[in-house]
Amino acid sequence: MIRLDGVGQVFDGRAGEVRALEEIGLHVQENEFVTLIGRSGCGKSTLLRLIAGLLPPTSGRIEVAGEAVSGPRRDVSFMFQRPALLPWRSVVSNVMLPVEISGGDSERGKAQYRDRAHELLELVGLKGFERRLPHELSGGMQQRVSLCRSLIRRPKVMLMDEPFSALDALTRTELSAELQRIQMELATTIVFVTHSIEEAVVLSDRVVVLTPRPGRLREIVEIDIPRPRSLGQNAHLTEVAQISGHLHGLLSEQERPVDLPEARR
Amino acid sequence: MTTRSWLTHSRTAAVLLPAIGLILALALWWLATIVFSIDSYLLPDPGDVLVTFLDQPGYLLKETGVSLVETLEGFLLAIVVGVPVALLIVRSVIVERLLYPLLLGINAIPKIAIAPLLVVWFGFGQWPKVLMVLLVCFFPIVISTASGMKSTPVELVELLKSLNASKTQEFFKLRLRYAMPQIFTGLKVAISLAVIGSVIAEFVGATSGLGYVITQSGASADTSLAFAAITLLSIMAILLFYALVLLEHLLLPWAQETR
């Protein structure tokens, strides 16, 4: 579904060129859940933006569904760390925003999307909140609305940039359980960025570990634990602990004494 | 509920407190005229002012109407011209650099200095007054609109980008809407200035309006009439301001909570 070949990204910083990503090669299968994990500054968010077509890569090639990515695509949705809801729009009209922006739907098409919006909101437990304004909802509920918005156009690919990192631990566990359920139900390909090892282990089929400055592929770890998985009550605690330990090892190895940006050395 | 929280949170107190403030000020004024036995041609007491108003309410209200229309016309014109200019400034750095110093310069000119010129150019009719109001309102409207549109959060801009939104959609569906609370702040500053603008213009060359009434009463040392006109001006300014506050509450129910 997604293919990355020799992808590199260089930014022009004030102190000269900053190499954010180097030689990234990755192939994400259809319906696969892949997590990008790494310390801050390893370019994981940049990589996600490249796949989304929000940034053009400096080098290499990115394909989604067999086509080279040249800009944002209709069948790819992006979910941010913050809910990014428009404060003057009701919950349901926030969910409908992507449909409204792309336009071109007939009245019937729009009505179908509207029904779908209500279904999705019900799916994430927000039935009865459709007419509320974002500020009337808690952070977790807002992020659920944001999740519905990214699902409204039935994307083939969902790109998620640390979507749960601003939430409290309990909401986070709930939402990651919901995300697993939704992915099984709707069969989408997901690329997920996080710096939480727990989250990566619970959610992913494969975890891609990136090293910082410049971001390179360190290792790809397969997670072969049966689903549904959860953090609280897990039948596979030993495997989880083993993989978590391994990931932890990979991430701490990267600690370097000199923490200066590449360009200043 | 404690007395303090009643005073800060209840609706009745929200109306009552400003009224008490006003009454206290009037009482002090009245007291001052009595205690210092000030002659009424120097400082009339509130009663004199009220009597003067009741002598010729029709005339005074008509002149208030003239000033009100000038103020509103100039104010609306400033919105019609100011918002698109702000849009251009936000959209293009070149336009911003071209226009900003010019706008600052125009804003820095004391408007009273231009008033006679406006009379020379546009005569004694309504136009110089409307233009004066436009001049004083323009700057706060442009600045607040531009800075409001620039303050759109990055993640919302990126969201629209990820949805492949056009520039026009980004402006109308996001930036302009997001700027509304700040635009209203600019409008509130502008409406207060607008009243001043129309009076300044009426001082210089007019045959009607409250500014004209004030200059005329000054010439004949009719201080109570001047005070009646000034009071009407203040009332007009206060009502216009609160009309905007009300409009903001009705149009932007989301803004009160999100700020």
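Residues numbered from 1 in each chain as written. Chains lettered and ligands numbered in written order. Predicted model: local features only at pLDDT ≥ 70, side-chain atom pairs only at ≥ 80, totals over all residues. Heavy atoms only, no water.

**Some thoughts on the overall build of chain B**
What chain B contains, in helices and strands, is 12 helices and zero strands. Counting from the amino terminus, helix and strand elements in chain B follow one another as α-α-α-α-α-α-α-α-α-α-α-α. Projected onto its principal axes, the C-alpha coordinates of chain B cover approximately 70 × 60 × 30 Å. Looking at chain B residue by residue over its 259 residues, the buried ones come to 41%. (Helix = DSSP H or I, 4+ residues; strand = E, 2+ residues; numbered from the N terminus. Buried < 20%, exposed > 50% of the residue type's maximum accessible area, 1.4 Å probe, protein only.)

**Some points on the pairing of strand 2 (residues 16–28) of chain A**
Residues and elements named next belong to chain A. Bridging between strand 1 (residues 2–13) and strand 2 involves nine bridges; their strand directions are antiparallel. Note that in strand 2 the partner of G13 across the bridge is G16. Connecting the antiparallel pair strand 1 and strand 2 is a turn made up of two residues. (Pairing = 2+ DSSP bridges.)

**Some points on the pairing of strand 10 (residues 216–222) of chain A**
Examined bridge by bridge, strand 9 (residues 206–211) of chain A and strand 10 of chain A share six bridges and lie antiparallel to one another. When the bridges of strand 10 of chain A are listed, V207 of chain A appears paired with V221 of chain A.

**Let's talk about the confidence of the model for chain B**
Residues at a pLDDT of 70 or more form 98% of chain B, whose mean pLDDT is 89. Here helix 12 (residues 253–258) of chain B stands out as the element of chain B with the lowest mean pLDDT, 71, in contrast to helix 4 (residues 57–91) of chain B, whose mean of 93 is the highest. (pLDDT = per-residue confidence, 0-100.)

**Considerations on the sheet that holds strand 8 (residues 189–194) of chain A**
Residues and elements named next belong to chain A. Overall, mixed pairing links the six strands, which are arranged 6-7-8-3-9-10 in an open sheet. Either end of the sheet is taken by a strand with one partner, and the two such strands are strand 6 (76–79) and strand 10. Direction aside, the axes of adjacent strands within the sheet are offset by 15° on average. Where strand 3 (residues 33–37) meets strand 9, four bridges bridge the pair, whose relative direction is parallel. By the bridge assignment, V34 is partnered in strand 9 with R206. (Axes fitted to C-alpha atoms, helices over the stretch in contact; angles between N-to-C directions.)

**Examining the interface of chain B and chain A**
Contact with chain B, which involves 18 residues of that partner, is made by 20 residues of chain A. Together chain B and chain A conceal approximately 2000 Å² of surface at their shared face, both sides included; 69% is due to carbon and sulfur atoms. Linking chain B to chain A there are three salt bridges. Among the ionic pairs, R82 of chain A bridges to E155 of chain B, the shortest N-O distance being 2.8 Å. The tally of links between chain B and chain A comes to five residue pairs in polar contact (both at pLDDT 80 or more). Among the elements of the structure, helix 8 (154–162), helix 9 (167–204) and helix 12 of chain B are those that each provide at least two residues to the side of chain B that touches chain A. (Contact = heavy atoms within 4.5 Å. Buried area = accessible area lost by both parts, 1.4 Å probe. Salt bridge = Lys/Arg side-chain N within 4 Å of Asp/Glu carboxyl O. Polar contact = N/O pair within 3.5 Å; in protein donor to acceptor, adjacent residues only side chain to side chain.)

**Considerations on the domain arrangement of chain A**
Residue and element names in this part refer to chain A. In terms of domains, chain A is made up of domain 1 (2–75 + 155–257) and domain 2 (86–154). The C-alpha centroid of domain 2 is placed 25 Å from the C-alpha centroid of domain 1. Opposite the 16 residues of domain 1 that make contact, domain 2 presents 15 residues. Of the roughly 1400 Å² buried between domain 1 and domain 2 on both sides combined, carbon and sulfur atoms contribute 60%. Among the residues of domain 1 in contact with domain 2, R74, P155 and I182 are the three that bury the most area, contributing 40% of the side total. Our count for the contact surface shared by domain 1 and domain 2 stands at four residue pairs in polar contact (both at pLDDT 80 or more). Secondary structure elements with two or more residues in the side of domain 1 that touches domain 2: strand 7 (157–161) and helix 6 (169–186). Residue composition of the side of domain 1 that touches domain 2, by class: nine nonpolar, one polar and six charged. (Domains from an automatic or database assignment. Nonpolar A, V, L, I, M, F, W, Y, C, P; charged D, E, K, R; others polar.)

**Observations concerning the pattern of salt bridges**
Residue and element names in this part refer to chain A. The full count for this structure, using the stated rule, is 21 salt bridges over all chains. One salt bridge connects E32 with R206, and the closest N-O pair in it is separated by 2.5 Å. A residue pair is termed long-range when its members are at least 10 positions apart, and E32 in the loop between strand 2 and strand 3 and R206 in strand 9 qualify at 174 residues. A salt bridge links E63 to R61, with the nearest nitrogen and oxygen atoms 3.0 Å apart. Note on R61: relative accessible area 43%, which makes it partly exposed.

**What to know about the sheet that holds strand 2 of chain A**
All names here are of chain A. Taken in spatial order, the four strands line up as 2-1-4-5 in an open sheet, and their pairing is antiparallel. Across the chains shown, the open sheet's two edge strands, defined by having one partner strand only, are strand 2 and strand 5 (67–68). As defined by bridge partners, strand 4 (residues 59–64) adjoins strand 5 across two bridges and the pair is classed as antiparallel. Opposite E63, over in strand 5, you have A68 as the bridge partner. Against the sheet, helix 1 (residues 44–52) contacts strand 1, strand 2 and strand 4, and its axis sits at roughly 115° relative to strand 1.

**Re helix 2 (residues 11–35) of chain B**
In an α-helix, one turn spans 3.6 residues, which is why side chains three or four residues apart end up on the same side. Residues and elements named next belong to chain B. The terminal C-alpha atoms of helix 2, which comprises 25 residues, lie 36 Å apart, in line with the 36 Å expected from a rise of 1.5 Å per residue. Among the residues of helix 2, those classed as buried are A13, W29 and T33. The inward-facing, buried residues of helix 2 abut helix 1 (3–9), helix 3 (46–55) and helix 11 (223–251). Where helix 2 begins, the capping side chain belongs to S10, and its oxygen is found 3.1 Å from the backbone nitrogen of A13. Following helix 2 by one or two positions, S37 adopts a phi angle in the positive range, close to 35°. (Expected span 1.5 Å × (residues − 1).)

**Notes on a nonpolar patch on the surface**
A contiguous nonpolar surface patch, about 770 Å² in accessible area, is contributed by L28, L31, V35, F36, I38, Y41 and L42 of chain B. Take V35 of chain B: it is sitting in helix 2. (Patch = residues over 30% accessible without salt bridge, like charges linked within 9 Å, V, L, I, M, F, W, Y side chains within 5 Å. Areas by Shrake-Rupley, 256 points an atom, 1.4 Å probe, with all protein chains shown as cover.)

**Remarks on the domain arrangement of chain B**
All names here are of chain B. Partitioning chain B into domains gives domain 1 (1–37) and domain 2 (39–258). Placing the centre of domain 1 and that of domain 2 at their C-alpha centroids yields a distance of 28 Å. Every contact between the two is made by five residues of domain 1 and, on the other side, eight residues of domain 2. Both faces considered, domain 1 and domain 2 share a buried interface measuring about 560 Å² in area, 77% of it formed by carbon and sulfur atoms.

**Digging into the confidence of the model for chain A**
With 93% of its residues at a pLDDT of 70 or more, chain A has an overall mean of 84. The element-level mean pLDDT for chain A is lowest in helix 8 (residues 237–253) of chain A, coming to 81, with helix 2 (residues 91–95) of chain A highest at 94.

**Focus: the side chain of E32 of chain A**
Looking at E32 of chain A, the relative accessible area reads 9%, which means it is buried. Discounting chain neighbours no more than four positions away, the residues touching E32 of chain A are H27, Q183, T188, T189, I190, D205 and R206 of chain A.

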